[in-house]
Amino acid sequence: MDDFAIRRGQTYSTVLISVEDHRVVDVLPTREAGPLAAWLIRHPGVEIICRDRAGAYAEGARRGAPGALQVADRFHLWQGLGRAVETCVAAHRDCLRNPSSSGMLPEATRLASGRSQDDPVPAGRRAERKKAAHALVHELLAQGHSRRAIARHLGWGLNTVLRYANATRWQETIRENRPRPSRLDPYKPYLDRRFAAGCTSVTRLHSELVAANAPVTYQMVRAHIATLRGTPVGTPPRPPRVRQVTGWLTRHPATLSEDDRAGLKDVLARCPELDTAPDTSATSARYSPAASAPRSLPGSTQSTPASYPASPASHSTCSGTSTQ
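Quick summary incoming for the structure in this document. Treat the numbers as computed from the prediction; the structure is a model and nothing was measured.

To continue, consider the packing of helix α5 (residues 125-142) against helix α6 (residues 147-154). For the pair α5 and α6, the least separation of the axes is 10 Å and the interaxial angle reads 130°. Here α5 lies oblique to α6, going by the angle between them. Handedness of the crossing formed by α5 with α6: right-handed. Contacts between α5 and α6 involve Leu136, Val137, Leu140 and Leu141 on the former and, on the latter, Arg147, Ile150, His153 and Leu154. Classifying every residue of the contact of α5 with α6 gives 6 nonpolar, 1 polar and 1 charged.

As structure tokens, this is what we get:
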């Protein structure tokens, strides 16, 4: 079961699909719990329900088919795994910033949260709001309130409450700023090589890219060359971002470029925990068939190479709504 928009942001419906024969079983006019529960009661025998993480679907399934097994669809399994990998990498951020021969920082320079003592404490109005919200959520949790009750009481989204509840320190709720992708990104290595070779003319470099049908503007090239001119000669490369390392770990090794593989090898040398710990989600992500499976409908059972271990997301009994 999944929702789809009749009018985005206003009207949504629910589609029910039998994954056994890839057939649309029915379409419900809403995505609320009541109509779903009523449909399941009228159609007894449902054994497995594959759904997203919407609370309405969970409630409707419990009311309409209490004996059915509820599982997450492939997309949300992979989404959750990706978030777990990103959290794991973020906990080892110091290894990315401060490489050492052993891949570990001295014990005196590390905190339990994974932040270095030299890192500045977040400040400003946004940081104060995060700190107050974190304290409020944990105070309500200590009083025995559930996370859903806290979300209803505060008028916040459940995911927001979960983010504060799962953070042991309020600093963990502040996400690092991520640069926006640019059309120039694929051509930056070329510009860097040409600049290092002595070609510093923005006009010439822009003309070369245009001649190669690159969808870039003069302003893009000028801004990047300006950053290269402001970088002192011999400056070590910037450490990889958490999001970038997460991508290296969760993508299939065959899809990584030479630079990506070199960067991943360097990261694993700095921080062996990301590769050697057998129970980490990052290790599982690198060999999950979902990492390289082509995009498909949630719950589809596509064949995967025999060399990859099977995952719950790819098993036929965990990929859709089965009706008798």
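So, on to unusual backbone geometry. Leave glycine aside and you will find that most residues have negative phi; peptide bonds, for their part, are mostly trans. Backbone geometry at histidine 22 places phi at a positive 55°, although glycine is not the residue there. When you line up the elements, histidine 22 lands in the loop between β2 (11-18) and β3 (23-28). Overall, histidine 22 belongs to the exposed group, its relative accessible area being 55%. Look at asparagine 213: it is not a glycine, yet its phi comes out positive at around 65°.

Right, let's get into the side chain of lysine 130. On the secondary structure map, lysine 130 appears in helix α5. Although lysine 130 is buried, it forms no salt bridge, and the closest oppositely charged side chain is glutamate 172 at an N-O distance of 12 Å. In this view, lysine 130 contacts Arg163, Tyr164, Trp170, Thr173 and Ile174; residues no more than four positions away in its chain are not counted.

The strand order across the open sheet formed by 3 strands is β1-β2-β3, and the pairing between neighbours is antiparallel. Either end of the sheet is taken by a strand with one partner, and the two such strands are β1 (2-7) and β3. Strand-to-strand twist in this sheet, taken as the mean axis angle between neighbours without regard to direction, amounts to 35°. The sheet contact formed by β2 and β3 spans 5 bridges and is antiparallel.

Procedures and definitions
Residues numbered from 1 in each chain as written. Predicted model: local features only at pLDDT ≥ 70, side-chain atom pairs only at ≥ 80, totals over all residues. Heavy atoms only, no water. Axes fitted to C-alpha atoms, helices over the stretch in contact; angles between N-to-C directions. Helix = DSSP H or I, 4+ residues; strand = E, 2+ residues; numbered from the N terminus. Parallel < 35°, antiparallel > 145°, perpendicular 65-115°, else oblique. Left-handed = near helix turned anticlockwise from the far one by under 90°. Contact = heavy atoms within 4.5 Å. Nonpolar A, V, L, I, M, F, W, Y, C, P; charged D, E, K, R; others polar. Buried < 20%, exposed > 50% of the residue type's maximum accessible area, 1.4 Å probe, protein only. Lys, Arg positive; Asp, Glu negative; His and termini not counted. Salt bridge = Lys/Arg side-chain N within 4 Å of Asp/Glu carboxyl O. Pairing = 2+ DSSP bridges.

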